[in-house]
Amino acid sequence: MEKNNLINELKQLYKTKNLYSSIILNSRSINDLQEVSQELMRFMFCENQSNQDDGCVFCSRFKKNLLLDVITVGDSTSEISKEKIQEIIDKFSFTSIEETKTKVYVIDVVENLKTSAANALLKFLEEPPLNTYALLLSKDRSKIIQTIRSRCKLFVIDSHFDHSDQNDLEIMFETRSKETYLLSASKFKKINKSEFIEILEQAMNRTILKKFPEFAEDTITLIEDLKNLPNDKLAIDNYFIKIAERL
Ligand SMILES: [Zn+2]
């Protein structure tokens, strides 16, 4: 989903008390992950539920990292230990004297959890304390442990439209020229699998279903094969052969 639309949707869910207690935000861009999670949290704590920073005491404390009911663990790159998760659990399980208060913890990024950390988190996700929200950031959702993935609501932030790989796939369908086809096919065979899955899924949501429905079924099949089959090179070859027949 487009970044600003997603921010608005999440705010709306929170406002109507329908926000999921455990959310995965996925994007290859750390900046986008930060922007969405930070703006959602500012809104959650703002005393006026204002759509912009209105300078209220909570907005300004949030900006200065002074809110006690927000915990962030991880730094986008290094591993996250079980102790870090235990700190969250200890803090948010036993300090809820004012139970109506909103509490949020951010995991940056969820695929960096050590196995023991993931297991500790899992139990907490299953039985979250009242008004406690988990924002799990993810750069590569194919690396998230399935048991965590299945307990969270996933939101994917669209990559910027000028991403060159993305445009190549969509340009290929748009132009239907043999030349772009050959260029794209050789390019996509070289990039890593999870990146290719993401490109396919984004192209599906953005243009294939609406503009090129004749390629939808094969694209869905390829995404499934890439996720499940060990021999992804063969699956990719088959996909491009089928596309070539229809260009
Ligand atoms: Zn405010």
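Note that the structure is predicted; figures quoted are calculated from it, not measured.

## Thoughts on the pattern of salt bridges
Consideration 1: For the structure on display, the rule yields 20 salt bridges.
Consideration 2: Ionic pairing is found between D218 and R246, a salt bridge with its closest N-O pair at 2.9 Å. Taken together, the positions of D218 in helix α10 (residues 216-228) and R246 in helix α11 (residues 232-246) put the pair 28 residues apart, joining distant regions of the chain.
Consideration 3: Residue R246 is classed as partly exposed on the basis of its relative accessible area of 37%.
Consideration 4: Several salt bridges share partner residues, and in doing so they unite R28, R141, E195, E198, E201 and K227 into one network.

## Re the environment of S21
Consideration 1: Turning to its location among the elements, S21 is positioned in the loop between α1 (3-15) and β1 (22-26).
Consideration 2: Expressed as a C-alpha distance, the spacing of S21 and L10, which sit eleven residues apart in the sequence, is 12 Å.
Consideration 3: Dropping the residues within four chain positions of it, S21 is found in contact with P128, T132, Y133 and A134.

## Thoughts on the coordination of the zinc ion
Angles between donor atoms at a metal ideally measure 109.5 degrees for a four-coordinate tetrahedral arrangement and either 90 or 180 degrees for a six-coordinate octahedral one.
Consideration 1: On the protein side, the zinc ion has C46 (SG), D54 (OD), C56 (SG) and C59 (SG) as donor atoms, found 2.1 to 2.3 Å from it.
Consideration 2: Every donor residue of the zinc ion comes from the same chain, spaced as C-x7-D-x1-C-x2-C.
Consideration 3: We classify D54 as partly exposed; its relative accessible area is 30%.

## Comments concerning the packing of helix α9 (residues 193-211) against α10
Consideration 1: Between α9 and α10, the least distance of the axes is 10 Å, while the angle of their chain directions is 155°. As far as their axial angle goes, α10 and α9 are roughly antiparallel. When the axes of α9 and α10 are compared, the crossing they make is left-handed. Residue-level inspection shows K193, F196, I197, L200, E201, M204, I208 and L209 of α9 in contact with α10, the latter providing A216, T219, I220, L222, I223, L226 and K227.
Consideration 2: Broken down by class, the residue content of the contact of α9 with α10 amounts to eleven nonpolar, one polar and three charged.

## Side note on the sheet that holds strand β4 (residues 132-138)
The strands making up a sheet associate through backbone hydrogen bonding, with each pair oriented either parallel or antiparallel.
Consideration 1: The strand order across the open sheet formed by five strands is β2-β3-β4-β1-β5, and the pairing between neighbours is parallel. In the strand order of this sheet, the two ends are held by β2 (70-73) and β5 (153-156), each with one partner. Sheet twist, expressed as the average angle between the axes of neighbouring strands with direction ignored, equals 20°.
Consideration 2: The pairing of β1 with β4 spans five bridges and is parallel. By the bridge assignment for β4, S22 is matched with A134.
Consideration 3: Against the sheet, helix α5 (residues 115-126) engages β1, β3 (103-108) and β4, with an angle of about 150° to β3.

## Regarding the layout of surface pockets
A probe as big as a water molecule, rolled over the atoms, marks out the empty space that is left.
Consideration 1: In this structure, the largest pocket encloses a volume near 450 Å³.
Consideration 2: Y14, M44, T100, K101 and T102 are the residues nearest the centre of the largest pocket, which is lined by 19 residues in total.
Consideration 3: Of all the secondary structure elements, the ones that give two or more residues to the lining of the largest pocket are α1, α2 (30-45) and α3 (57-63).
Consideration 4: The class makeup of the residues in the lining of the largest pocket is nine nonpolar, four polar and six charged.
Consideration 5: Computed from the structure, the second largest pocket encloses a volume of approximately 350 Å³.
Consideration 6: Taken together, 17 residues form the lining of the second largest pocket, with R141, S142, I197, E201 and K227 sitting closest to its centre.
Consideration 7: Contributing elements (two or more residues each) for the lining of the second largest pocket: α6 (146-149), α9 and α10.
Consideration 8: Partitioned by chemical class, the residues of the lining of the second largest pocket number six nonpolar, three polar and eight charged.
Consideration 9: Taken together, domain 1 (3-156) and domain 2 (164-246) each give at least three residues to the lining of the second largest pocket, which thus spans both.

## Quick word on unusual backbone geometry
Consideration 1: Between D108 and the following residue, V109, the backbone shows a cis peptide bond with an omega angle of 0°.
Consideration 2: Looking at the secondary structure, you find V109 in the loop between β3 and α5.
Consideration 3: Non-glycine residue K17 carries a positive phi angle of around 60°.
Consideration 4: With respect to the helices and strands, the residue K17 is situated in the loop between α1 and β1.
Consideration 5: A positive phi angle, close to 60°, is found at N131, a residue other than glycine.

Procedures and definitions
Residues numbered from 1 in each chain as written. Predicted model: local features only at pLDDT ≥ 70, side-chain atom pairs only at ≥ 80, totals over all residues. Heavy atoms only, no water. Salt bridge = Lys/Arg side-chain N within 4 Å of Asp/Glu carboxyl O. Helix = DSSP H or I, 4+ residues; strand = E, 2+ residues; numbered from the N terminus. Buried < 20%, exposed > 50% of the residue type's maximum accessible area, 1.4 Å probe, protein only. Contact = heavy atoms within 4.5 Å. Donors = N, O, S within 2.8 Å, 3.2 Å for Na, K, Ca; no water. Axes fitted to C-alpha atoms, helices over the stretch in contact; angles between N-to-C directions. Parallel < 35°, antiparallel > 145°, perpendicular 65-115°, else oblique. Left-handed = near helix turned anticlockwise from the far one by under 90°. Nonpolar A, V, L, I, M, F, W, Y, C, P; charged D, E, K, R; others polar. Pairing = 2+ DSSP bridges. 1 Å grid on protein atoms, 1.4 Å probe; cavity = no way out; pocket = protein on both sides within 12 Å on 5 of 7 lines; lining within 4 Å. Points joined across faces, edges and corners; volume = space filled by probe spheres on them. Domains from an automatic or database assignment.

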